[in-house]
Amino acid sequence: MTRLAAAICILALATTVWAGYGPPLDLPNAEMTADPAIIKVDDVYYLYVTASTIDFECWSSTDLDTWVYEGVVWENPGAQAWNHVDLWAPEVHRDGDDFYLYYAADMRIGVARADNPLGPFVDVFDHPFVGNGYNGVAGLAIDAHVFVDNDGRRYFYYAGYAPFSVIRVAEMADMTTLVGEHRTVVEPGILNWELFVTEAPWMVEHEGTCYLMYSGYGADRPSYAVGYATADNPMGSFDEFSGNPILHRDDAAAFYGPGHNCVITAPDGSLKIVYHTKVEQTVGWDRRIRINDLCFTTDGEMYIGFDGCNIDDDDDVADDDTVQVDDDTDENSVDDDDDDDDDNDDGCGC
């Protein structure tokens, strides 16, 4: 084989492997984007991301492929406000005629409200919703996620610090009120794939089981990855999947730092995982958004379908070449101290 032929073969193989991960989304007016969250209203998908540290923007689509820039939906309140720096991880949910934007600012969580998914979103409080002593959280809090169960009860998940980041949950009386205890449901391992970090929670319900997805290792690192834990109710206790992480780096395909995902139902009815990856194999915030299939075996194991949802019943998900585990995993079970709101709101979730 000539050098040219060999190079062509290598390029073709690399292209095939790369294509399986889904190409980065083409988002007009955006360079680097991360922390995706999508809500579907009527027949339109609205995507919110971390694109800067000063405001929040939105893109819309009808097919999850072609996106239109919709502009800024939440404007920075200025240096006098508590929430004017370090803005990321926006997530929007609908409640009746109102839309609520949850976001991280200065390592605390805020909430804003609007009458449509394009805003403008106006903060409900002049202080944090969670963190810095508010809603029972004295310390730091980021990465808010709201899940609505089949019975209509709402649950608020977030990453807190004790001192390392853990996933906590509390029940919601309404979209801006938490009630009851804040329960720690996932804790990071120390020398495993999570490396002191569990963050970016996202809940999916499948056939009566709650799948709490989360990311670990560090969002600016190429080894950032996604795993999950399961329970029979949203408050836990949760058992971490022994095959974690289910989405992780692949150096051969130049696929680095996949994480901070949401889940959405596509127009064809299939489930999709939406997540970001790093561009370079270095520490930094160079990130882009991707979409792949989210799948389950008949035995209830969740996996990412890079080639579609085609794992046979007798296949071992952990042995599939699309979900190999790079690092030793550490099973933790912690029992400590979304369905759509209506037919027009298909939020990233179950």
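For the structure, check the block above.
Computed from a predicted structure; not experimentally measured. (Residues numbered from 1 in each chain as written. Predicted model: local features only at pLDDT ≥ 70, side-chain atom pairs only at ≥ 80, totals over all residues. Heavy atoms only, no water.)

Student: Help me understand the sheet that holds strand β10 (residues 154-161), please; the structure alone is not making it clear to me.
Tutor: Two pairing modes exist for strands in a sheet, parallel and antiparallel, and in both the strands are linked by backbone hydrogen bonds. Across the sheet, four strands lie side by side as β9-β10-β11-β12; this open sheet has antiparallel pairing. Only two strands of the sheet have a single neighbouring strand rather than two, namely β9 (141-148) and β12 (177-186). Sheet twist, expressed as the average angle between the axes of neighbouring strands with direction ignored, equals 25°. In the sheet, β10 pairs with strand β11 (residues 165-174) via eight bridges, with the strands oriented antiparallel. Looking at the pairing, Y155 lines up with E171 of β11. (Pairing = 2+ DSSP bridges. Helix = DSSP H or I, 4+ residues; strand = E, 2+ residues; numbered from the N terminus. Axes fitted to C-alpha atoms, helices over the stretch in contact; angles between N-to-C directions.)

Student: Would you take a moment to explain the pattern of salt bridges for this structure?
Tutor: Two side chains that carry opposite charge are able to pair once their charged atoms sit near each other. Applying the stated rule across the entire model yields nine salt bridges. Across the pair D106 and R108 runs a salt bridge, and its minimum N-O distance is 2.5 Å. Judged by its relative accessible area of 29%, D106 is partly exposed. Look at R108 and you get buried, because its relative accessible area is 12%. The closest approach of N and O atoms between E181 and R183, which form a salt bridge, is 2.9 Å. (Salt bridge = Lys/Arg side-chain N within 4 Å of Asp/Glu carboxyl O. Buried < 20%, exposed > 50% of the residue type's maximum accessible area, 1.4 Å probe, protein only.)

Student: Explain the sheet that holds strand β18 (residues 271-278) here, please?
Tutor: What the four strands build is an open sheet, ordered β17-β18-β19-β20; its pairing is antiparallel. The sheet is open, and its two edges are formed by β17 (256-265) and β20 (302-305), each paired on a single side. Each adjacent strand pair in this sheet contributes to an overall mean axis angle of 40°, direction not counted. The sheet contact formed by β18 and strand β19 (residues 287-296) spans seven bridges and is antiparallel. The residue of β19 that forms the bridge with K272 is D293.

Student: Honestly, the pairing of strand β14 (residues 209-216) in this entry has me stumped. Any pointers?
Tutor: For a regular strand, the rule is simple: side chains alternate between the two faces of the sheet. Among the eight residues in β14, seven count as buried, and that is most of the element. Pairing of strand β13 (residues 199-206) with β14 involves six bridges; the strand directions are antiparallel. Across the sheet, the residue bridging to V204 is Y211, located in β14. Here β13 folds back onto β14 in antiparallel fashion, the turn holding two residues, of which E207 has a positive phi close to 50°.

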